[in-house]
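Analysis of the macromolecular model
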Amino acid sequence: MTAPINARERSRLETRKRLLTKGTELFAAQGIAHTRTSDVAEAAGVAVGTLYLHFKDKRGLLREILFSGIDELLRALLALADHPMKEARKAVRIHAETMVSFTEENPALCRILFDPEATNLQVSTEIIDYLVQIQEKRLHEEKSNGHIRDTLDPAVTAQAMVGMCVQVLAWWIRNPEKATRKDVINTLSSLRLTGLYTSENIKRA
């Protein structure tokens, strides 16, 4: 049986949650570079020193926001990599739908993830590297099974596939009027399918 949380611990958790919530709002609205830790503390109704009790610095706050927010997506992508589908067309479409749905449902988080300053602080780079690792694992398995083209190197291909997807989603979240959800999913699926798989596997799909 889990011990009940005392009032002090409950207050600490509530403060941390407020800091994460307000940090997400401000980073998404103002941009990472233009948001100070003092801005986040003020919005959360605490002293800036209190923020530093929870997070080492702005990068620490940013990292917590992104990694806690993207955990659900990473779990979904890992499940796809660990249990690959036999039908290439279906697998590729589900991957695209997963990425697009997450972007659509978490616009503030994705604006932060795709903010150039997140890359400068090497926070979004950590996440993208993890996405590449998941993709590369799956590509190695599919190449060993003869499902993707022999000429493709899994490490290079994983970088290309993730880079393409991230660039498209970063563009789409800034310009949602330029393409529908269906357009984005269909285009990403088509590019991945024709770029990765042999014609025999596409026909079987």
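Details of the structure are given in the entry above.
Let me begin by describing the structure that accompanies this report. Here the structure is a predicted model, which means the values were calculated and not measured.

Brief notes about the pattern of salt bridges
Evaluated as defined, the whole model comprises 11 salt bridges. Note that Arg59 is salt-bridged to Glu126, the shortest N-O span being 3.0 Å. Note that Arg59 is positioned in helix H4 (residues 58-82) and Glu126 in helix H8 (residues 124-144), a separation of 67 residues in sequence. Judged by its relative accessible area of 26%, Glu126 is partly exposed. Between Asp71 and Arg75 there is a salt bridge, with its nearest N and O atoms 2.1 Å apart. One end of the pair, Asp71, and the other, Arg75, are both in helix H4, four residues apart, so they sit about a helical turn from each other. Bridged by salt links that share partners, the residues Arg59, Arg63 and Glu126 form one connected network.

Remarks on the nonpolar core
Membership of the largest hydrophobic core comes to 59 residues, with the highest contact counts inside it found for Leu61, Leu66, Ile112, Phe114 and Leu169. If we ignore the near neighbours within four places in the chain, the residues touching Phe114 are Val166, Leu169, Ala170 and Ile173.

Here we look at the side chain of Arg192
When you line up the elements, Arg192 lands in helix H10 (residues 181-196). Glu142 provides the closest opposite charge to the buried, unpaired Arg192, separated from it by 6.8 Å. In contact with Arg192, other than residues within four places in its own chain, are Val92, His95, Gln135, Met161, Met164 and Tyr197.

Concerning unusual backbone geometry
Its identity is not glycine, yet Gln122 carries a phi of approximately 60°, on the positive side. Inspection of the secondary structure puts Gln122 in the loop between helix H7 (116-120) and H8.

Analysis parameters
- Residues numbered from 1 in each chain as written.
- Predicted model: local features only at pLDDT ≥ 70, side-chain atom pairs only at ≥ 80, totals over all residues.
- Heavy atoms only, no water.
- Salt bridge = Lys/Arg side-chain N within 4 Å of Asp/Glu carboxyl O.
- Helix = DSSP H or I, 4+ residues; strand = E, 2+ residues; numbered from the N terminus.
- Buried < 20%, exposed > 50% of the residue type's maximum accessible area, 1.4 Å probe, protein only.
- Core = buried A, V, L, I, M, F, W, Y, C linked by side-chain atoms within 4.5 Å.
- Contact = heavy atoms within 4.5 Å.
- Lys, Arg positive; Asp, Glu negative; His and termini not counted.

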